[in-house]
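# Results of the structural survey
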Amino acid sequence: MRTKYQEAGMIFGNTDSPASANPAPLEWEPGKTHAVIIGICKWEADLTRYSKRHRKDEELRDLLIKRGTPTENITMLLDSDATLSNIRKAIDKTLRKTTKESTLIVYFAGHGWKAGDDFCFANYDVRLGPRNRKTVWSMNELATIVTDGFNGHQAIFWADCCYSGGMQVVVEKLATRKVASFSLTSATTANTSTGNWTFTQSILDGLAGTPLIDTNNDGTITLGELQTEVKNAMHHMEGQSSGFYSNG
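Residues numbered from 1 in each chain as written. Predicted model: local features only at pLDDT ≥ 70, side-chain atom pairs only at ≥ 80, totals over all residues. Heavy atoms only, no water.

### Thoughts on the overall build of the chain
So the rule is basically this: Per the convention used, a helix needs a DSSP run of H or I reaching at least four residues, while a strand needs a run of E reaching at least two, with both numbered from the N terminus. Taken over C-alpha atoms, the radius of gyration is set against a globule rule of 2.2 Å times the number of residues to the power 0.38. Using a 1.4 Å probe on the protein chains alone, a residue whose accessible area is under 20% of its type maximum counts as buried, one over 50% counts as exposed, and one in between counts as partly exposed. In what follows, a contact means two residues having at least one pair of non-hydrogen atoms within 4.5 Å. For this count, His and the chain ends are skipped, Lys and Arg are scored as positive, and Asp and Glu as negative. For the purpose of locating charges, the reference atoms are NZ of Lys, CZ of Arg, CG of Asp and CD of Glu.
Of regular secondary structure, the chain possesses 7 helices and 11 strands. At 17 Å, the chain has a C-alpha radius of gyration in line with the 18 Å of a compact globule built from 248 residues. Dimensions of the chain along its principal axes, counting C-alpha atoms only, are 50 × 35 × 35 Å. The buried share among the 248 residues of the chain stands at 53%. Within the chain, residue pairs in contact and separated by at least 24 positions form 74% of the contacts whose partners lie at least 6 positions apart. Placing the 27 positive and 28 negative side-chain charges of the chain at their respective mean positions leaves the two points 6 Å apart.

### Considerations on the sheet that holds strand β8 (residues 154-160)
For the record, the criterion: Two strands make a pair as long as DSSP finds a minimum of two bridges between them. Between N-to-C directions, angles span 0 to 180 degrees; the directions come from axes that are lines fitted to C-alpha atoms, helices contributing only their stretch in contact.
Sheet architecture is open: 6 strands sit in the order β3-β2-β4-β8-β9-β11, paired in mixed fashion. Strands at the two margins of the open sheet, each flanked by one partner only, are β3 (74-78) and β11 (243-247). The sheet shows a mean angle of 5° between the axes of neighbouring strands, direction not considered. Judged from the 7 bridges that link them, strand β2 (residues 33-39) and strand β4 (residues 103-109) form a sheet pairing that is parallel. Each bridged residue has a counterpart across the sheet, and for A35 the counterpart in β4 is I105. In this fold helix α2 (residues 56-67) packs onto β2, β3, β4 and β8, with an angle of close to 170° to the strand it touches most, β3.

### A short note on the side chain of D160
Which entries qualify depends on this criterion: The term salt bridge refers to a side-chain nitrogen of Lys or Arg lying within 4 Å of a carboxyl oxygen of Asp or Glu.
Residue placement: D160 occurs in strand β8. Although D160 is buried, it forms no salt bridge, and the closest oppositely charged side chain is K56 at an N-O distance of 10 Å.

### A closer look at the nonpolar core
Applicable threshold: The criterion is simple. A nonpolar core is a set of buried Ala, Val, Leu, Ile, Met, Phe, Trp, Tyr and Cys residues joined through side-chain atoms within 4.5 Å.
With 39 residues, the main nonpolar core has W137, V146 and F157 as its most contacted residues. Sorting the residues of this core by element identifies β2, α3 (84-97), β4, β6 (118-121), α4 (139-149), β8 and α5 (168-174) as the ones contributing at least two each. By residue number, the principal contributor to this core is α3, which donates 5 residues. Ignoring any residue separated from it by four or fewer positions in sequence, one finds V146 in contact with L95, L104, F157, V170, L174 and R177. Ranked by size, the runner-up nonpolar core spans 24 residues in total, among them W28, I105, Y107 and F199.

Here is the structure:
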């Protein structure tokens, strides 16, 4: 027998964020979702490697499919497949497939850092050093590409890496087109992040409808409840601040 939590959707609205301007809740529709999932545990460059054991990026793909997202709507790039060229192609191809009813999900797990007025996430073939800025995946670049190319009404950005809160620049850019979006990340724009999968596990628990996240016991997990789960998990289990930014 299915419980109400197994059948429940997620409502992305009515959060406590002052940036949230639309009082009407927006329900996540898995069947109309397009996702790009990028997970990197090793790099060509001399960056700390992570264990591939029980990796959660693959679980995220599987859970989206289980919840009803068409397999063909999900692009997953892992490790050596996650080159800068492949990431750009995946984002472009996904954006072209979106319609006015689409929800976009972009997820990244790996390494990240702040570089001047930009935030950089390490693609597999990144080259380190100030002279190699053009070889790394830029969040300012992502913001421009998504704002110009996304045809849908709602966008979701998740990242599990140091300085992952930098994804908020994409949300800020989408706000100029009045596209409802949020970034929920393992770290803020100013702190490093654990090498564990704690953040992504919290996202998985929310998408799966874990009853403990439904703090008011109404059978629906809201964005506010998911944000609280991530915040508490990162604070109590990893001793760090998580990031959250929303618009609309």
